[in-house]
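The primary structure of each chain is shown beneath.
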Amino acid sequence: MTPAIKSLEEYHKVYQRSIDLPEAFWAEVANDFQWRKQWDKVLEWDFKKPEVKWFDGGELNITENCLDRHLITQPNKKAIIWESNDPSEPSVTYTYRELHAKVCELANVLKSLGVQKGDRVCIYMPMIPELTMALLACARIGAVHSVVFAGFSARSLADRINDADAHLILTADGAYRGAKSIDLKAIVDEALADCLGVRSVLVYQRTNTPITMQPGRDLRWHDEIAKVDNLCEAVTVSSEDPLFILYTSGSTGKPKGIMHTTAGYMVHTAYTFSNVFQYQPDDIFWCTADIGWVTGHSYIVYGPLLNGATVLMFEGIPTWPNNGRFWEVIDKHKVSIFYTAPTAIRSLMAGEHSPKATHKLDSLRILGTVGEPINVEAWEWYHEHVGKGNCPIVDTWWQTETGGIMISPLAGITPTKPGFATLPLPGIQPALLSEKGEEILVNGEEGRLCIKFPWPGMARSIWGDHNRFRETYFSAFPNYYFTGDGCRRDLDGYYRITGRVDDVIIVSGHNLGTAEIENAIDEHELVIETAVVGYPHELKGFAVYAFVVLLSEAKGADEEQLRKEINEFVSRIIGPIAKADKIQFVTGLPKTRSGKIMRRILRKIAEGETDNLGDTSTLLDPGVVEEIRKGRV
Ligand code: PRX
């Protein structure tokens, strides 16, 4: 790989060049990889359509770059160190050679099940090495993976399977999560009642939970692997062939299948991994995300493996069997780069506990955060009590749609400020736009964060709905990609993300669409209508507040019982992550004369700001606000 940037001066030079000559800059990075055919054109783009093509005409297979390439130089280096949910279960490692063989085996199984290039494969699995293998096995044969986080409900899973038209599901009997276990196969069975296109289900045995196997459809992973060998020639794909789909919540009820293609995503994740984390060959890199989210795709699977790194993969949760689990794992495996979410930091900093007092943590070199704004207190605690004051923190801003990190310090190089993602990475051209759509050129102002030039890792479409892709990201500000985030650029030119400006709430680092939760609550037979907003929460960043209008039949009903039932609905329809923290029953919602719910007012009430509600004169029935204000829970 091209050596990572080594000084601030070099960063500024490289950044300037990447803006002046973007194609030459990215072509140089792309030259580090193994191509089966060189690209014809580095970049073609039009944000109006929108259409973006990177390295068009090129041919490759990303798994040759993640695996085969390293077999020549470092076959016996550890690729994956896996740590179980249960601290007493031995950890498992795979060298690059072993991982390569496992991926080839599984790819052969997929082929034997009839999977072909371009087919979608849905993956609903626990955080075990076979999950990484599943992604890579799909990529090996040019199939498109669609990973669904194993905390989603049967209904959410079914929607995603049907939207992607997947015919094969990879799953497990169950998943461990702290003290609990989740019956994944039972959830798949329930989902498949609504998925007529699914032909096969491959089931890995992890928890030994009793499961039902449907003959002709369900197959045991171990049995199928036993039938194949471990040689599988990688299929040649084109640069712009889809690599994966990953669903994310949006402003409307239906999740969006964000589609990423192969070559650009590869170049972007590899480059950002090496530069942001200042990766060194002897590093042990641990990203605590689940592979069900983009952070896991880009910085557990692709970014690290493309760099030939050793990556730690953890099945459990930070708070089980106790709050010291992360720190134990760091000491046990001598983790040198640790990448986690502010929500995990906030949950671990509660109380008097200081990890540096109870654990060595002397292997740590670099710390990172991702997924939501980090408050200054959490940043400082992380720096002092985990990093012992001497590990640089990279606060990395990016999104499912951006594919890889966009704005972030380079570890140890960019001077940091708590709460700031600092400066754009080379090749990334952010812009702040005013509500009127004018670019804010001066520093010290806040605006809507947009990106004005394509970057290789950007999403190319929403699966099956290119119109929605254009509407969501390219219509608010013509010729700009709009992120949905608010952002301030300070007088030093440093970027600080202030949070979502649309109807997405980030709860414990997970994006939730308010419309999706509203739809779920509305399915309760006693509910007429719901409005959901977010309110600041000490641990979760934001939490869900639902204002619910009930039918008159509900009069006199036990409100606590109803709240429980409503949350059971949400859990069943979306997943437990989307449950409402507060549910207030109201007789009406504040609406304008044209029938639009005024969420601004509800947001203020949820936040506890009950006096200064702004202009309510355009409301159809201003009286309703008074009632809601008084009944705040
Ligand atoms: O609001 C921003 C927030 O997370 C959103 C993207 O969420 P998702 O697609 O789930 O991807 C999360 C992991 C990349 C962004 O629009 N966000 C992400 N990173 C940061 C952040 N907000 C503030 N600071 C960050 N470092």
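Refer to the structure above for everything that follows.
Presented here is an overview of the structure given in this document. Since the structure is predicted, the reported quantities are computational estimates derived from the model, not experimental observations. All residue numbers refer to positions counted from 1 along the written sequence of the respective chain. Restriction of local features to residues with pLDDT of at least 70 applies here, the model being predicted, together with a cutoff of 80 or more for giving and counting side-chain atom pairs; totals for whole chains, interfaces and linings are based on all residues. Processing note: side-chain calculations cover all non-hydrogen atoms of the structure and skip hydrogens and water entirely.

### What to know about the packing of aromatic side chains
Here is the rule we go by: Pairs were defined over the aromatic rings of Phe, Tyr and Trp, the Trp ring being its six-membered one, requiring ring centres within 6.5 Å. Orientation was assigned from the angle between planes: stacked under 30 degrees, edge-to-face over 60, tilted for the rest. When a residue's accessible area, from a 1.4 Å probe over protein chains only, is under 20% of the maximum for its type it is buried; when over 50% it is exposed; and in between it is partly exposed. Both a distance and an angle decide whether a charge sits over a ring: NZ of Lys or CZ of Arg must be within 6 Å of the ring centre and within 35 degrees of the ring normal.
Enumeration over the complete set of coordinates arrives at 45 aromatic pairs. Judged by centre distance (5.0 Å) and plane angle (65 degrees), the rings of F277 and F285 are edge-to-face. Across the pair, exposure class does not vary: F277 and F285 are buried alike. Among the aromatic side chains, those forming a connected cluster through ring pairs are W45, F47, F453, W455, F469, Y473, F474 and Y481. Above the plane of the ring of F420 lies K417, whose end atom (NZ or CZ) is 5.2 Å from the centre.

### Describing the nonpolar core
Spelled out, the test is: Put simply, buried Ala, Val, Leu, Ile, Met, Phe, Trp, Tyr and Cys residues joined by side-chain atoms within 4.5 Å make one nonpolar core. Any two residues whose heavy atoms approach within 4.5 Å are treated as being in contact.
Counting residues in each nonpolar core, the largest one holds 169 residues, and the members touching the most others are F55, L99, I123, L170, F277 and Y302. In this view, F55 contacts W26, A27, A30, W35, W39, K41, V42, S239, A263, G264 and V267; residues no more than four positions away in its chain are not counted. Of all hydrophobic cores here, the second largest spans 26 residues; its members include A378, W379, V386 and I393.

### Quick notes on the packing of helix 16 (residues 514-522) against helix 17 (residues 559-573)
What counts is decided by this rule: Note on definitions: angles span 0 to 180 degrees between N-to-C directions of axes, and those axes are lines fitted to C-alpha atoms, for helices only across the stretch in contact. We count a stretch as a helix when DSSP gives it H or I for four or more residues in a row; a strand needs E for two or more, and each element gets its number in order from the N terminus. Working rule for angles: under 35 degrees goes down as roughly parallel, over 145 as roughly antiparallel, 65 to 115 as roughly perpendicular, anything else as oblique. Here a crossing is called left-handed whenever its near helix is offset anticlockwise from the far helix by less than a right angle, and right-handed whenever the offset is clockwise. Residue type decides the class: Asp, Glu, Lys and Arg count as charged, Ala, Val, Leu, Ile, Met, Phe, Trp, Tyr, Cys and Pro as nonpolar, and the leftover types, Gly among them, as polar.
Where helix 16 meets helix 17, the closest approach of the two axes is 8 Å, and the angle between their N-to-C directions is 120 degrees. The angle between helix 16 and helix 17 places the two elements in the oblique class. For the pair helix 16 and helix 17, the crossing hand works out as right-handed. Here I517, A520 and I521 of helix 16 come into contact with helix 17, specifically with I566, F569, V570 and I573. When grouped by side-chain class, the residues that make up the contact of helix 16 with helix 17 number seven nonpolar, no polar and no charged.

### Things to note about the side chain of T414
Definition in use: Polar contacts, as used here, are pairs of N or O atoms within 3.5 Å; protein pairs need one atom able to donate a hydrogen and one able to accept it. Residues neighboring in sequence count only if both atoms are side-chain atoms.
For T414, the position within the fold is in the loop between strand 20 (393-396) and strand 21 (430-433). There is a polar contact of 2.9 Å between the side chain of T414 and the backbone nitrogen of L410. In this structure T414 touches L8, P409, T422, L423 and Y494, once residues within four positions along its chain are discounted.

### Things to note about the sheet that holds strand 17 (residues 310-314)
Operational definition: Pairs of strands are assigned from DSSP output, requiring at least two bridges between the strands.
In space, the seven strands of this open sheet follow the order 5-4-17-16-18-19-20, with mixed pairing throughout. Either end of the sheet is taken by a strand with one partner, and the two such strands are strand 5 (92-95) and strand 20. Here the strands of the sheet are splayed against their neighbours by 20 degrees on average, with no regard to which way each runs. Bridge analysis of strand 16 (residues 284-287) against strand 18 (residues 337-340) gives three bridges, and the strand direction is parallel. Note on strand 18: the bridge partner recorded for W286 is F338. Along the sheet, helix 4 (residues 96-112) makes contact with strand 4 (78-83) and strand 5, crossing strand 5 at roughly 90 degrees. Across the face of the sheet, helix 10 (residues 294-306) comes into contact with strand 4, strand 16, strand 17, strand 18 and strand 19 (366-370) while running at roughly 165 degrees to strand 16.

### Here's the deal with helix 14 (residues 376-386)
It helps to recall that an α-helix has 3.6 residues per turn; residues three or four apart then point in one direction. Formally: As used here, the arc belongs to the directions running from the helix axis to the C-beta atoms.
Regarding helix 14, the residues found buried are A378, W379, W381, Y382 and V386. Projected down its long axis, helix 14 shows its buried positions confined to an angular sector of 165 degrees, all on one face. Packing partners of the buried residues in helix 14 comprise helix 11 (325-333), strand 18, helix 12 (342-349), helix 13 (355-358), strand 19 and strand 20. Of the residues trailing helix 14, K388 is marked for its positive phi of about 50 degrees.

Read these as geometric descriptors, not functional statements.
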